[in-house]
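# Descriptive structure summary
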Amino acid sequence: MSNSTVHASILTVEQARDRIVEVIRHVGLERVALSDAHGRVLAEPIVAAYDIPARDNTAMDGYAVRAGDVEGATREKPVTLEVVETLPAGYVASRRVEPGTAIRIMTGAPMPDGADSVVIVEVTESEGDTVRVFRPSKPGASIRRRGEDVRAGDTVLLPGADLRAGEIGQLASLGRPFVTVARRPTVAVLSTGDELLEVGAAPEEGKLVNSNAFSLASLAREAGALATVLPIARATPEDISAALVAASEAAVVVTSGGVSVGDFDFVKAALDALGAETNFWRVAMKPGKPVVFAELRGKPFFGLPGNPVSCMVGFHLFVWPALRKMMGVVPDRWMRPEVLAELAGDVRSSGDRRNYQRAVISWRDGRLVAETKRAQGSGVLSSMVAANGLVIVPEGAKHIAAGETVRVQLIGEIV
Ligand code: AMP
Ligand code: MG
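What you are looking at is a predicted structure, and each value in this text was computed from that prediction instead of being measured.

Within this structure, the stated rule accounts for 4 aromatic pairs. With 6.1 Å between their ring centres and 85° between their planes, Phe-264 and Phe-266 make a pair best called edge-to-face. Overall, the relative accessible area of 57% leaves Phe-264 in the exposed class. Phe-266 gets classed as buried once you look at its relative accessible area, which sits at 17%.

Structure, rendered in structure tokens:
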């Protein structure tokens, strides 16, 4: 390959992401109980079958009255009304509010016929079967109107909505005990490398624990997918090929390790041997330049580098949006948001590639501040602990001073 071809085959992060989402297809749908729907992605439009509230009702505890009856009421000259009924929430009045009368009414109870206003209990005094009203009350006061929340026929939620507490509550209020959601894509996570030990195994000289399987499976679950961790594949073409065949049972395959240009980096060769179609294998970023995206036996394949930070960053930038698209999420929300934040300290970078630096993003005096982790090596997994953002240091930038505003790709909640 000539130098210029090699160069041309390095994609920007955006180009790589575009290529990925272009080939990603939606997973199927399933119907789940509302109680199991939290965290899922809605896959049907939700149209309200009825008005909420179903009828006019009182927003306050007080007395349903005719506004005309209490016009001009004051503390000195109260209006006295006859209380003809007491109405708790959940019941319909049996009486009408006729001139000179009132119905004692509790928050949420439907408005009785004849009444057009609710006098709050705080400006009244009850005495036997009567009530003294000390203040006028305008027509419509303290009344929640039928349909003011949701109207029958309104499309309340669209496919692609993330079902969080608000959406789940809304679905319940609309009388939906079941809801159609996107299936959770299955993600097979495969670690490759002879240096790897299973977590909990006795330490051995020259070996380290396979932590990537755990961090990557956790990221897949955070994205809403179902993760399966496969046994470690040894660094031989045969082992890796066999493991890839097994992994391709899943909807998405994610591997770590073995994608650089070392003597034992057999993942690309194994892909070729299995007839996989490689879409790209390098992205102009740091950490994590070698990232393979391929189609393996009809499934999207992500070959992430072995370094514990590189593979997690690669997952956030490439696998995350793929999983979100698979579940039918709208394009705006394939990635977590990007925000602007003020650097808490100086940031340095080699400047040769766009650099994603792990950081803690927090609010200080109403401004977002990014505190980058001190050790930014791609093997320093502790830099991912509590990190909720990746500070984007543009290509060419070698130094950005404290106080400057930078773009940050969020990878977690701001707390
Ligand atoms: P590689 O991308 O295969 O060259 O791996 C680079 C480095 O990442 C290795 O030397 C290991 O130190 C580390 N590494 C590879 N795989 C894992 C893994 N599954 N868990 C933790 N560290 C890993
Ligand atoms: Mg390796």
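After that view of the structure, there is still more to cover.
Our focus in this paragraph is helix H2 (residues 13–23). The set of residues buried in H2 consists of Val-13, Ala-16, Arg-17, Ile-20 and Val-21. For H2, the arc enclosing every buried residue in end-on projection is 125°, short of the 170-degree limit, so these residues lie on one face. Facing away from the buried surface of H2 by more than 90 degrees, the exposed residues are Asp-18 and Glu-22. Where H2 is buried, its residues meet strand E18 (277–282), strand E19 (285–286), strand E20 (290–296), strand E21 (299–304), helix H7 (308–326) and strand E24 (354–364).

Taken together, 17 residues lie around ligand 1, and Asn-210, Ser-211, Asn-212, Gly-258 and Gly-306 are the ones closest in. One of the backbone N or O atoms of Asn-212 is found 3.3 Å from a nitrogen atom in ligand 1. Residue Gly-306 places a main-chain N or O atom 2.8 Å away from an oxygen atom belonging to ligand 1. Looking at the shell around ligand 1 residue by residue, the class counts come to 5 nonpolar, 10 polar and 2 charged.

Overall, mixed pairing links the 6 strands, which are arranged E16-E13-E17-E21-E20-E18 in an open sheet. Because the sheet does not close on itself, it has two edges, and the strands there are strand E16 (226–229) and E18. On average, each strand axis in the sheet is tilted by 20° relative to the strand beside it, whichever way the strands run. Alignment of strand E13 (residues 186–191) against E16, held across 4 bridges, turns out to be parallel. Across the sheet, Val-187 pairs through a bridge with Ala-227, a residue of E16. Those strands touched by H2 are E18, E20 and E21, and its axis lies near 160° from that of E18. Against the sheet, helix H4 (residues 212–222) engages E13, E16, strand E17 (252–256) and E21, with an angle of about 165° to E13.

Quick look at the environment of Asp-61 now. Structurally, Asp-61 is set in the loop between strand E3 (57–58) and strand E4 (62–65). The class for Asp-61 is partly exposed, based on a relative accessible area of 37%. Spatially, the C-alpha atom of Asp-61 lies 9.1 Å from that of Ser-142, the residues being 81 residues apart in sequence. Those residues within four positions of Asp-61 in sequence are excluded, and the remaining contacts are Ile-105, Met-106, Thr-107, Val-119, Ile-120 and Val-121. Among the polar contacts made by the side chain of Asp-61, one reaches the main-chain amide nitrogen of Thr-107 at a distance of 2.8 Å.

Calculation criteria
Residues numbered from 1 in each chain as written. Chains lettered and ligands numbered in written order. Predicted model: local features only at pLDDT ≥ 70, side-chain atom pairs only at ≥ 80, totals over all residues. Heavy atoms only, no water. Phe/Tyr/Trp six-rings, centres within 6.5 Å; stacked < 30°, edge-to-face > 60°. Buried < 20%, exposed > 50% of the residue type's maximum accessible area, 1.4 Å probe, protein only. Helix = DSSP H or I, 4+ residues; strand = E, 2+ residues; numbered from the N terminus. Arc of directions from axis to C-beta. Contact = heavy atoms within 4.5 Å. Near = heavy atom within 4 Å. Polar contact = N/O pair within 3.5 Å; in protein donor to acceptor, adjacent residues only side chain to side chain. Nonpolar A, V, L, I, M, F, W, Y, C, P; charged D, E, K, R; others polar. Pairing = 2+ DSSP bridges. Axes fitted to C-alpha atoms, helices over the stretch in contact; angles between N-to-C directions.

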